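What the coordinates show
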Amino acid sequence: MKEEGVELIREGKRLDGRGFDELRPIKIEVGVLKRADGSCYFELGDNKVIAAVYGPREMHPRHAQDAKMAVLKYRYNMAPFSVEDRKRPGPDRRSVEISKISREALEPVILKEYYPKTEIDVYVEILQSDAGTRTAGINAASVALADAGIPMRDLVSSVAVGKIDGEVVLDLNAVEDNNGEADMPIAMIVRRNIITALQMDGRMTREEFEKGLKLAMNACRQIYELQRTALIERYSEL
Ligand code: ADP
């Protein structure tokens, strides 16, 4: 809910000094966890996220196996200390919804048919949150899946756009998200121009939606390059 009198844009700049089309700083580290098959640490401004991937491994219980392909599982979890007031530990409606949309965002790139009867487990832990955690999680998971050597058609990149003080802006932080008019996270396969997830909270006009989509697609291109570079750097080190 918007607090009375909160001004989010001043002299053409946002409260954190960003322009309307600017991403928060991004940092990506690949292979940060020893026990996972693949992992990634991802920072987007004040969001800090870790993704760990296990598998493909035999799926239990057996009756849940798919004889033709691997089953992708995705668990998004917010640490109790990741938000301003302590979050009650454990799954809730929000984390179940985010897990589902994130899994669906990644599924189209994974060659699941290579590994029948197996499961691929993706765990995303939010260590610190400042809005956009689902998009940071998808970016981290995509890199962690590649790090695990899971055969993929390409990476998936994700970012949110929204509307604050009547302006369409890229990558909302928590103050903007809480006091803004709309928030629209998207995920896409950049090199194929395919959108694999799109949600909208709040309202935008058709023109605003189109403007926002363009902003988000451009930003996904930037994120894709960072993801790719992080993976190349990791494997050229070895
Ligand atoms: P996203 O993090 O993907 O933008 P939301 O729009 O649901 O997802 O949440 C926006 C932000 O609100 C989160 O990043 C987090 O900072 C805050 N938030 C979400 N859930 C809680 C919670 N249970 N307690 C406190 N803050 C929360």
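This section reports on the structure supplied with the text. Owing to the predicted nature of the structure, the values given are computational and were not obtained by experimental measurement. (Residues numbered from 1 in each chain as written. Predicted model: local features only at pLDDT ≥ 70, side-chain atom pairs only at ≥ 80, totals over all residues. Heavy atoms only, no water.)

Topic: the nonpolar core
Definition in use: Only buried residues count toward a nonpolar core, which is a set of Ala, Val, Leu, Ile, Met, Phe, Trp, Tyr and Cys residues joined through side-chain atoms within 4.5 Å. Each residue is assigned to one of three classes by its accessible area relative to the maximum for its type, calculated with a 1.4 Å probe on protein chains only: buried under 20%, partly exposed between the two thresholds, exposed over 50%. Between two residues, a contact is recorded if the distance between any of their heavy atoms is within 4.5 Å.
Ranked by internal contacts, the top residues of the largest apolar core, which has 59 residues, are V124 and L145. Discounting chain neighbours no more than four positions away, the residues touching V124 are V49, I50, A51, Y74, R75, Y76, N77, G137 and A141. Formed by 5 residues, the second largest nonpolar core is a distinct cluster that contains L8, I9, I164 and V169.

Some remarks on the pattern of salt bridges
Put simply, the rule is: The salt bridge definition used is simple: a Lys or Arg side-chain nitrogen within 4 Å of an Asp or Glu carboxyl oxygen. Helix and strand assignments follow DSSP, with helices taken as H or I runs no shorter than four residues and strands as E runs no shorter than two, numbered in order from the N terminus.
This structure, assessed with the given rule, holds 22 salt bridges. The partner of R24 in a salt bridge is D171, with the nearest N and O atoms 2.8 Å apart. Here D171 lies in the loop between β9 (167-170) and α3 (174-179) and R24 lies in the loop between β2 (13-14) and β3 (26-30), a separation of 147 residues in the sequence. Owing to a relative accessible area of 4%, R24 belongs among the buried residues under this scheme. With a shortest N-O distance of 3.5 Å, R153 and E113 are connected by a salt bridge. Of this pair, R153 sits in the loop between α2 (133-147) and β8 (157-164) while E113 sits in the loop between α1 (93-106) and β7 (118-128); the two residues are 40 residues apart in sequence, bridging distant segments of the chain. We classify E113 as partly exposed; its relative accessible area is 40%. In this structure, a network of salt bridges that share partners links the residues R14, D16, R18, R24, D130, D171 and E176.

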